[in-house]
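A closer look at the structure
Residue strings, one per chain:
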Amino acid sequence: MKGRGWAALAAMACAMTGIAPVAAQGWRHVGAVERVEPRADGVIVASGPAQLRVTAVGEGVFRVTLAPDGRFDPLPSWAVVAAAAPASVAVADTADAVTVTAGDAVAIVRKRPLRVEFADRAGHVLLSDSQQMPMAWSDSPHGPRVRSWKTMPADEHYYGLGDKAGPLDRRGRAFTLWNSDAYGWQGSSDPLYKSIPFFIGLRAGTAYGVFFDNTARSSFDFGKESEDYFSFGAEGGALDYYFIAGPQPARVLQRYTALTGRTPLPPMWALGFQQSRYSYNPESKVREVAAQLREHRIPADAIYLDIDYQQGYAPFTVDRKQFPHFEQMIADLRAQGLRTVLITDLHIKHAPGTGYAPFDSGLAADAFIRNPDGSLYIGPVWPGDAVFPDFTLSRVRDWWGGLYRDFTAMGAAGYWNDMNEPSVFNVPGNTMSPDAVHRLDDGSQRDHRAIHNVYGMLNARATYEGLLKLQPEQRPFVLTRAAYAGTQRYAATWTGDNSATWHHLAQSTPNLLSLGLSGMALAGDDVGGFIGSPPPDLLTRWYQLGAFNPVFRNHAATDTRPHEAWVDGPQHEALRREAIELRYRLMPYLYTVAEENSRSGLPIMRPVFLQYPQAEAFYGNDRDFLFGPDLFVAPVCDGRLDAQQIVLPPGEWFEFGTSRRQVAQKDPIRLDPRPSGVPLYARAGAIVPMQAVVQHTGEKPAGPLQLQVYLPKAGGECSGSLYQDDGESQAYKTGKLLRVAYGCEVSKRGVVLTSRIEQDGFAPWWGDVEVTVYGVARKPSALRRDGQSIADWSYDPQMQLVVIRMEQARRGWKVVLNL
Ligand code: MIG
């Protein structure tokens, strides 16, 4: 079929499907390049009025922008924060092509016809424009469109686009990006709440990324229309995309998050267990839930107040009839180690003349979106008729941020920006009118079609930046439902209104992995499912999986049975508590991973191929994942009782907390599906920092810092790290932090364990350390710390482990185990 040409193909597809052939949809192409204008950072090529600009904007990162009429769209990017030409860019113009070399990648602009390719320095092509269908634009009756088609290798896999439904590998399917309130979404629902037009292509261990920076309704087709090509494009805006070289997928993600920003270090409490429900009201109910959490000894750090705490659903109000002592309630929760998170939807109640300050002040500040005729855009949402802040204006974002003044003064700790697709009731498309007018700081205007997909992100941004202004010493916590690329700079997210079914439990992991691969590492879903009432087994399994999600929040809709940990009797409660306790025991490790994410963009939940790109067995694995660099989680996601089959990542792994070693092998491990918890493995060579169980992150853990050392075979090494700070302030930015690197070397004669203090600006809660070394086959003959014999150690021959207790170990040390 390859040789038959585009038109024939399109005609065939048309005959088969009844869809108008692409070629007939009025696409126009640049054709042959007529002029070449080399620049310091790349090149502009032109043909007639059309121009294409290809520039290097980082090592291995290129930006491609098409201007059909020769004018490059002046709309600034909402997503990109850092795109500067690297130190050395080489541009070479030959008869057939212009090449732009930056770092380890080359952009090749072929001239006849114009086609763009990307390759590594050795000439291996990574991504190339389709031969049949070069990039195109149209202003056909279908409206303005742009699109790029790329050759699709048979063995290439595609990941990203945020939390789309269905398998993690997007190959063979097509997706629309148009932020949508997708209540009741299912495995094939599309579009959903977020638009993150970024994906990673992965083929035989080599990866690249593409970020299509366009906020209009867009679409990605990964070979659904044809197996020969994949494509992306939008209904409006510019063909403006970034190619990001790897070759490792982790490198692609580091570069993508350098371009669009990273997640700031969250407050530690946000990594604790969070209890939510639509809604906990009145005040007595909130207090009761808090008391139950503590009575049942379910560790927890936050309680959410959903829309019913407000007066008539008007954002930034409190229903004082239901919550007579709102401030005192927040303080009382805080005294129990529970932070209060308040929902603050963006739709401001349209309430002229009623003394509702958010409306009055917004109107006075001209902060609301208007129709083309200048009247206010009004749409019905929870409060009834509502108006919508014009978040594209920085002065409106400032105004919005100021609305949080009272709540922050009352001691609320986090904010929940729901409904920000935006969701509008009882109107076509369930969102704002496409003609509504958004104003920009440069004085220009865009209609809603152009801004829709970034609107929710700007809501989260306004909240985050406002909180930073109000409480500059604290780390804001914002949870957003809608997002565009770059939203990770401002907010954590969740996957919206999932359902209490086994299917949705299984869908949770690919969604959260995909969010992490799309830059949004701080993500979770409604544990237990939002819609419907989960049977006890399902709810327990969901707690067990949620304990390994970056955001761990139990939430449920109004008409569902209770979802709290204790509602199904002592056996289920014990299993759920165990899962939550493990989360808290792992907090030193988790917090260290979150800090790494803030610097590198590497997610907290990682598909195995992110760390082991050659492990093709995992390219299509939607169930299992790495929790940070060292733990492998193989959750139980179905209610069946046949054996759970587990394939381990490459290398050697230990069953967590034991000396039982497993080597990755072809034949899967078969496990009884009813282990009490989630099957969990630690990498041989890992050093995992842990602590005693606490009821919330503000409680000082009893006893020492615990280090679990999983010994590799003789000749091997191990590594681990610990990051700690005060957990909530910005003081870490001025060096008030502790960073420790742990290591080990294993030889036939023994083991050498080391602690190296890399940064010593913060005194943590611990002074002593307890090291558990797993995989020690015989009793050591001697143990020395810095040359001195260690008194307090023991060997368990059954468990094949050594436990060493050391006082005053918050410094560099070297421990030698003679074997
Ligand atoms: O129209 O605030 O996804 O988590 O509980 C429903 C009420 C509005 C949708 C959110 C859900 C939240 C609910 N909200």
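Residues numbered from 1 in each chain as written. Predicted model: local features only at pLDDT ≥ 70, side-chain atom pairs only at ≥ 80, totals over all residues. Heavy atoms only, no water.

1. What about the environment of Phe316?
Our working rule: Comment: elements are numbered from the N terminus, with helices defined as DSSP H or I runs of at least four residues and strands as E runs of at least two. Two residues qualify as a contact provided that any one of their heavy atoms is within 4.5 Å of a heavy atom in the partner residue.
Take Phe316: it is sitting in the loop between strand S21 (302-305) and helix H4 (326-335). The spatial distance from the C-alpha of Phe316 to the C-alpha of Leu403 is 7.2 Å, given a sequence separation of 87 residues. The residues contacting Phe316, other than those within four sequence positions of it, are Gln310, Thr344, Ile348, Pro358, Trp400, Leu403, Tyr404 and Phe407.

2. A few points about the domain arrangement of the protein
Worth spelling out the cut-off: Reported domain spans reflect what an automatic or database domain assignment gives.
Partitioning the protein into structural domains gives domain 1 (5-260) and domain 2 (703-818). Between domain 1 and domain 2, the C-alpha centre-to-centre distance is 48 Å.

3. Some words on the site of the ligand
Basically, it comes down to this: For this purpose, a residue is taken to be near a molecule or strand whenever a single non-hydrogen atom of the residue falls within 4 Å of it. Two N or O atoms form a polar contact when they lie within 3.5 Å of each other; inside protein one atom must be a possible hydrogen donor and the other a possible acceptor, and for residues adjacent in sequence the pair counts only when both atoms belong to side chains. Here, Shrake-Rupley sampling with a 1.4 Å probe gives the accessible areas, and only protein chains in the shown set may cover a residue.
Contacts to the ligand come from 13 residues, most closely from Asp306, Asp418, Arg481, Asp497 and His555. One of the side-chain N or O atoms of Arg481 is found 2.9 Å from an oxygen atom in the ligand. Between an oxygen atom of the ligand and a side-chain N or O atom of Asp497, the distance comes to 2.5 Å. Protein contacts shield 94% of the accessible area of the ligand, which totals 350 Å² for the unbound molecule.

4. What about empty space enclosed by the protein?
Here is the rule: In this analysis the probe radius is 1.4 Å and the grid spacing 1 Å, with only protein atoms considered; a cavity is a set of points the probe fits into but cannot get out of, a pocket is an open set with protein on both sides within 12 Å along at least five of seven lines, and lining residues have an atom within 4 Å of a point. Grid points are joined across faces, edges and corners, and a volume is the space filled by probe spheres set on the points. Think of it as three bins: nonpolar holds Ala, Val, Leu, Ile, Met, Phe, Trp, Tyr, Cys and Pro, charged holds Asp, Glu, Lys and Arg, and polar takes everything else, Gly as well.
Within the structure shown, the criterion is met by two cavities of 30 Å³ or more. Taken as a whole, the largest cavity spans an internal volume of roughly 140 Å³. If you go around the largest cavity, you meet 18 residues; those closest to its centre are Pro264, Leu265, Pro266, Tyr464 and Pro476. Across the lining of the largest cavity, the residue classes tally to 13 nonpolar, three polar and two charged. The volume enclosed by the second largest cavity comes to roughly 40 Å³. In terms of lining, the second largest cavity is formed by Ile687, Leu707, Val709, Tyr742, Gly743, Leu753, Thr754, Val771 and Trp813. Of all the secondary-structure elements, those providing two or more residues to the lining of the second largest cavity are strand S44 (705-710), strand S46 (738-746) and strand S47 (750-760).

5. So, helix H8 (residues 448-470)
Residue pairs three or four apart in sequence face the same way in an α-helix, which turns once every 3.6 residues. Let me state the cut-off plainly: To get the bend at a residue, fit one axis to the 7 residues ending there and another to the 7 starting there, then take the angle between the axes. We call a residue buried when its accessible area falls under 20% of the maximum for its residue type, exposed when it is over 50%, and partly exposed in between, using a 1.4 Å probe and counting protein chains only.
Remark: the principal bend of H8, roughly 50 degrees, maps to Val454. Most of H8 is tucked away: 18 of the 23 residues are buried.

6. Brief notes about the environment of Glu473
Following the sequence through the fold, Glu473 ends up in the loop between H8 and strand S29 (478-480). Each C-alpha atom of the pair Glu473 and Val91 lies 46 Å from the other, and the pair is 382 residues apart in sequence.

7. Some thoughts on the pattern of salt bridges
In plain terms, the rule: Criterion for a salt bridge: a side-chain nitrogen of Lys or Arg within 4 Å of a carboxyl oxygen of Asp or Glu.
In the structure shown here, the tally under the stated rule is 49 salt bridges. Salt-bridge contacts for Glu327 lead to Arg320; the nearest nitrogen and oxygen are separated by 2.9 Å. Given a relative accessible area of 33%, Glu327 falls into the partly exposed group. Glu595 serves as the salt-bridge partner of Arg599, at 2.9 Å between the closest nitrogen and oxygen.

8. Topic: the side chain of Thr658
Position of Thr658 relative to the elements: it lies in the loop between strand S39 (652-655) and strand S40 (661-663). Reaching out from Thr658, the side chain makes a polar contact with the backbone oxygen of Glu655 at a distance of 2.8 Å. Apart from the residues within four sequence positions on either side, Thr658 is in contact with Tyr710 and Tyr774.

9. Here we look at the state of the cysteines
In a disulfide, the sulfur atoms of two cysteines are held together by a covalent bond. Selection criterion: Only a pair of cysteine sulfur atoms within 2.5 Å qualifies as a disulfide here.
This model, assessed by the stated rule, comprises one disulfide. For Cys718, the disulfide goes to Cys744, at an S-S distance of 1.7 Å. Given an S-S torsion of about 110 degrees, the disulfide between Cys718 and Cys744 has right-handed geometry. Linking Cys718 in strand S45 (residues 717-724) with Cys744 in strand S46, this pair joins segments that are 26 residues apart in sequence. Cys718 sits in the buried class, given a relative accessible area of 7%.

10. Observations concerning the packing of helix H10 (residues 536-546) against helix H11 (residues 569-585)
The condition is simple: Geometry is summarised by axes, namely lines fitted to C-alpha atoms with helices restricted to the contacting stretch, and by angles between N-to-C directions that run from 0 to 180 degrees. Working definition: roughly parallel below 35 degrees, roughly antiparallel above 145 degrees, roughly perpendicular at 65 to 115 degrees, and oblique for all remaining angles.
Closest axis-to-axis distance for the H10/H11 pair is 8 Å, and the angle between their directions is 10 degrees. Considering their axes alone, H10 and H11 lie roughly parallel with respect to each other. In contact with Pro536, Asp537, Leu539, Thr540, Tyr543, Gln544 and Gly546 of H10, H11 contributes His572, Leu575, Arg576, Ala579, Ile580 and Arg583. Each residue belonging to the contact of H10 with H11 can be placed in one class, and the counts come to six nonpolar, four polar and three charged.

11. Re the packing of aromatic side chains
In plain terms, the rule: Think of it this way: a Phe, Tyr or Trp ring, Trp meaning its six-membered ring, pairs with another when their centres are within 6.5 Å, and the plane angle makes it stacked under 30 degrees, edge-to-face over 60, tilted otherwise. Charge-over-ring placement is defined geometrically: NZ (Lys) or CZ (Arg) within 6 Å of the ring centre, and within 35 degrees of the ring normal.
Enumeration over the complete set of coordinates arrives at 56 aromatic pairs. Between Tyr158 and Phe199, the ring centres sit 6.0 Å apart and the planes meet at 70 degrees, which makes this aromatic pair edge-to-face. You can see Tyr158 sitting in strand S12 (residues 157-160) and its partner Phe199 sitting in strand S15 (residues 198-203), a full 41 residues away along the chain. No difference in accessibility class separates Tyr158 from Phe199, as the two residues are buried. Taken together, Tyr309, Phe316, Phe323, Phe326, Phe391, Trp400, Tyr404, Phe407, Tyr415 and Tyr455 form an aromatic cluster joined through their ring pairs. The aromatic ring of Phe175 is capped on one face by Arg170, whose charged end is 5.7 Å from the ring centroid. Over the ring of Trp494 we find Arg553; its NZ or CZ atom is 5.3 Å from the centre of that ring.

12. Regarding the pairing of S39
To keep things clear, this is the line we draw: One requirement defines pairing of two strands: DSSP has to find at least two bridges between them.
For S39 and S40, the ladder comprises three bridges, and the chain directions are antiparallel. Within S40, the residue paired with Trp653 across the bridge is Gln662. Here S39 folds back onto S40 in antiparallel fashion, the turn holding five residues, of which Gly657 has a positive phi close to 70 degrees. Bridge count for S39 against strand S42 (residues 680-683) is three bridges, and the pairing is antiparallel. Considered in S42, the bridge of Trp653 is made with Arg683.

13. Comments concerning the side chain of Thr493
With respect to the element layout, Thr493 can be found in strand S31 (residues 492-494). Engagement of the side chain of Thr493 in a polar contact is seen with the side chain of Lys194, the distance being 3.4 Å.

14. Digging into the sheet that holds strand S37 (residues 631-633)
Spatial ordering of the open sheet is given by S35-S36-S37-S42-S39-S40, a layout of six strands whose pairing is antiparallel. This sheet does not close on itself; its edge strands, each paired only once, are strand S35 (605-606) and S40. Relative to S42, S37 runs antiparallel, the two sharing three bridges. Bridging across to S42, Leu631 finds its partner in Ala682.

15. As for helix H12 (residues 587-600)
For clarity, the threshold we go by: To estimate the expected span of a helix, count its residues, drop one, and scale the result by 1.5 Å.
Here H12 spans 19 Å end to end across 14 residues, near enough to the 20 Å set by a 1.5 Å rise per residue. Once H12 ends, the next one or two residues include Gly601, with phi positive near 80 degrees.

16. Concerning the confidence of the model for the protein
Selection criterion: A residue's pLDDT is the confidence the predictor assigns to it, expressed on a 0 to 100 scale.
Confidence in the prediction of the protein, expressed as mean pLDDT, is 95, and 97% of residues score 70 or more. Contacts for the low-pLDDT stretch residues 1-21, under 50 throughout, to residues beyond four places or in other chains number 21 contacts.

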